[in-house]
Amino acid sequence: MEIIIKENGQVASEAAARVVARLVREKPHAVLGLATGSTPLMLYKELIRLHREEGLDFSQVTTFNLDEYIGLPADHEQSYRRFMNESLFKRINIKMENTHVPDGMAADVPAACAAYEQAIVEAGGIDLQVLGIGSDGHVGFNEPTSSFASRTRIKTLTRQTVADNARFFCGDECRVPKHCITMGIGTIMDARMNLLLAFGEGKAGAIAATVEGGVAAIMPASILQHHPCAKFFIDEAAASKLQLAGYYRWVYEGKPGWQQDA
Ligand SMILES: N[C@@H]1[C@@H](O)[C@H](O)[C@@H](COP(=O)(O)O)O[C@@H]1O
C-alpha cells in the first residue's frame, strides 16, 4: 500500500489525476474502473481539465463503474449512470458505448451481474480502479462482512450507508434504495491498480482501520493490504488517525518527483 497524504482534497485529486492521465497516455485503450459519491468529483474535474487543456484523449478508453442502485432508471437524478454522464462522460471525448454502469433496472439481476463480469474480462480486465470509501469501510457497495471472494452481485445497504447517502435524496432515508448491484471485492482485487481517495474527518476512522488494522471482512477496504498496487490519496483530515502518517509522508517525499505520481 502506498499512502499519499496531501494538504487538501483538491491537491490529492490532482495528484491522483496525474496517475490516471499517465496510464491513459501510455495505454490509450486503458480500462478504467470508476466510482461515484462526492469524493471522486475533484478527480473528474481535473481529468476534464486535462482533456480540454492538455488534450488527454479518452476516445479509446473503456470504463466500468463500481455500482448502481437497484430500481433507479438510468435517467433518475440519483442514478449512478446519470451521475457519471453529467460529472464526466459528457465532458470528455469518451464513446458512450464504451462506458459501463450496472443496470439497476435489469429484469434478471443475477444474469446482468454475470454479464457485467464477463464484459470486464472481455475488455481485458481493469487497469486502474478508482475507489472511494464509506464511513463503514465499504468499497463500491461491498458492505461490512462482504466476502473477499465476491463478484458483481446484489447487496443490501447497511443502515449507516442509507443514512450517509440520504443527503443525496433530500435528506430522506426512506427514498434511498436499499439494494444495489456492486462489483465484488474479488472483482476489485483483480484490477491491476487500485487508487482510493478519501477526504475529511468522517473517513479518518475507516482509513486508519483499513491501512493499519487487521484484514477482516468487517472492514471491507482492508483487503487492499493484500493488493500488489494500491495507492491511497487522502487529505490531512482523513489521515488524522493514522499512527504512521509521518512515515508515509517521509516515504513519499523521499521519492524522485517523476515517481511520486506514477
Ligand atoms: N457506493 C458509493 C461508494 O462507492 C462511495 O465510495 C461511498 C462514499 O461516498 P462519498 O464519496 O460521497 O463519501 O458512497 C457510496 O456508498
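Residues numbered from 1 in each chain as written. Predicted model: local features only at pLDDT ≥ 70, side-chain atom pairs only at ≥ 80, totals over all residues. Heavy atoms only, no water.

1. Brief notes about the site of the ligand
For step 1, the next point in the chain: Residues in close proximity to the ligand total 14 residues, the closest being Ser-38, Thr-39, Asp-67, Arg-167 and Lys-203.
For step 2, the next point in the chain: Here an oxygen atom of the ligand and a side-chain polar atom of Lys-203 are 2.6 Å apart.
For step 3, the next point in the chain: The class makeup of the residues in the shell around the ligand is three nonpolar, eight polar and three charged. (Near = heavy atom within 4 Å. Polar contact = N/O pair within 3.5 Å; in protein donor to acceptor, adjacent residues only side chain to side chain. Nonpolar A, V, L, I, M, F, W, Y, C, P; charged D, E, K, R; others polar.)

2. What to know about the nonpolar core
If you look at soluble globular proteins, the nonpolar side chains tend to sit buried side by side.
For step 1, the next point in the chain: Among the nonpolar cores identified, the biggest contains 69 residues, and Leu-47, Ile-234 and Leu-242 are the most heavily contacted of them.
For step 2, the next point in the chain: With nine residues, helix H1 (residues 9-26) is the single largest residue contributor to this core.
For step 3, the next point in the chain: By size, the runner-up hydrophobic cluster in this structure holds eleven residues, among which are Phe-141, Ala-166, Val-176 and Cys-180. (Core = buried A, V, L, I, M, F, W, Y, C linked by side-chain atoms within 4.5 Å. Buried < 20%, exposed > 50% of the residue type's maximum accessible area, 1.4 Å probe, protein only. Helix = DSSP H or I, 4+ residues; strand = E, 2+ residues; numbered from the N terminus.)

3. Let's talk about the packing of helix H2 (residues 41-54) against helix H3 (residues 80-87)
For step 1, the next point in the chain: One can describe the packing of H2 onto H3 by two numbers: an axis separation of 10 Å at closest approach and a directional angle of 40 degrees. Taken together, H2 and H3 sit at an angle that is classed as oblique. Along the contact surface, H2 presents Leu-41, Tyr-44 and Ile-48, while H3 presents Phe-83, Met-84 and Ser-87.
For step 2, the next point in the chain: Classifying every residue of the contact of H2 with H3 gives five nonpolar, one polar and no charged. (Axes fitted to C-alpha atoms, helices over the stretch in contact; angles between N-to-C directions. Parallel < 35°, antiparallel > 145°, perpendicular 65-115°, else oblique. Contact = heavy atoms within 4.5 Å.)

4. Here's the deal with the UniProt feature "active site" (unreviewed entry) in the chain
For step 1, the next point in the chain: The UniProt record marks Asp-67, Asp-136, His-138 and Glu-143 with the feature "active site" (unreviewed entry), using the residue numbering of this structure.
For step 2, the next point in the chain: Residue placement: Asp-136 occurs in the loop between strand E6 (128-131) and strand E7 (153-156).
For step 3, the next point in the chain: The contact partners of Asp-136, leaving out residues within four places of it in the chain, are Glu-143, Pro-144, Thr-158, Gln-160, Thr-161, Ile-218, Met-219 and Pro-220.
For step 4, the next point in the chain: Here His-138 is in contact with Gly-132, Ile-133, Glu-143, Thr-161 and Pro-220, once residues within four sequence places are set aside. (UniProt positions renumbered as here; feature names shortened; annotations may be inferred.)

5. Here's the deal with the pattern of salt bridges
For step 1, the next point in the chain: This model, assessed by the stated rule, comprises eleven salt bridges.
For step 2, the next point in the chain: The salt bridge partner of Glu-236 is Arg-249, with a shortest N-O separation of 2.5 Å. Of the two residues, Glu-236 is situated in the loop between strand E10 (230-235) and helix H8 (245-253) and Arg-249 in helix H8; the sequence distance between them amounts to 13 residues.
For step 3, the next point in the chain: With a relative accessible area of 37%, Glu-236 lands in the partly exposed category.
For step 4, the next point in the chain: Among the ionic contacts, a cluster of salt bridges with common partners joins Arg-25, Glu-46, Arg-49, Glu-53 and Glu-54. (Salt bridge = Lys/Arg side-chain N within 4 Å of Asp/Glu carboxyl O.)

6. Some words on helix H7 (residues 204-212)
For step 1, the next point in the chain: Taken residue by residue, H7 has Ala-204, Ala-206, Ile-207, Ala-208, Thr-210 and Val-211 as its buried positions.
For step 2, the next point in the chain: Buried residues in H7 make contact with strand E1 (2-6), strand E9 (193-198), E10 and H8.

7. Some remarks on the pairing of E10
For step 1, the next point in the chain: Taken across its six residues, E10 has six buried, putting it largely inside the fold.
For step 2, the next point in the chain: Going residue by residue along E10, you find Ala-230, Phe-232 and Ile-234 tucked away on one face and Lys-231, Phe-233 and Asp-235 tucked away on the opposite face as well.
For step 3, the next point in the chain: Pairing between E1 and E10: five bridges, direction parallel. Bridge assignment links Ile-3 to a residue of E10, and that residue is Phe-232.
For step 4, the next point in the chain: As judged from the five bridges shared by E9 and E10, these two strands associate in the parallel manner. The partner of Asn-194 across the bridge, within E10, is Ala-230.
For step 5, the next point in the chain: Between the parallel elements E9 and E10, the chain passes through H7 in a crossover that is right-handed. (Pairing = 2+ DSSP bridges. Right-handed = clockwise from strand over helix to strand, strands pointing away.)

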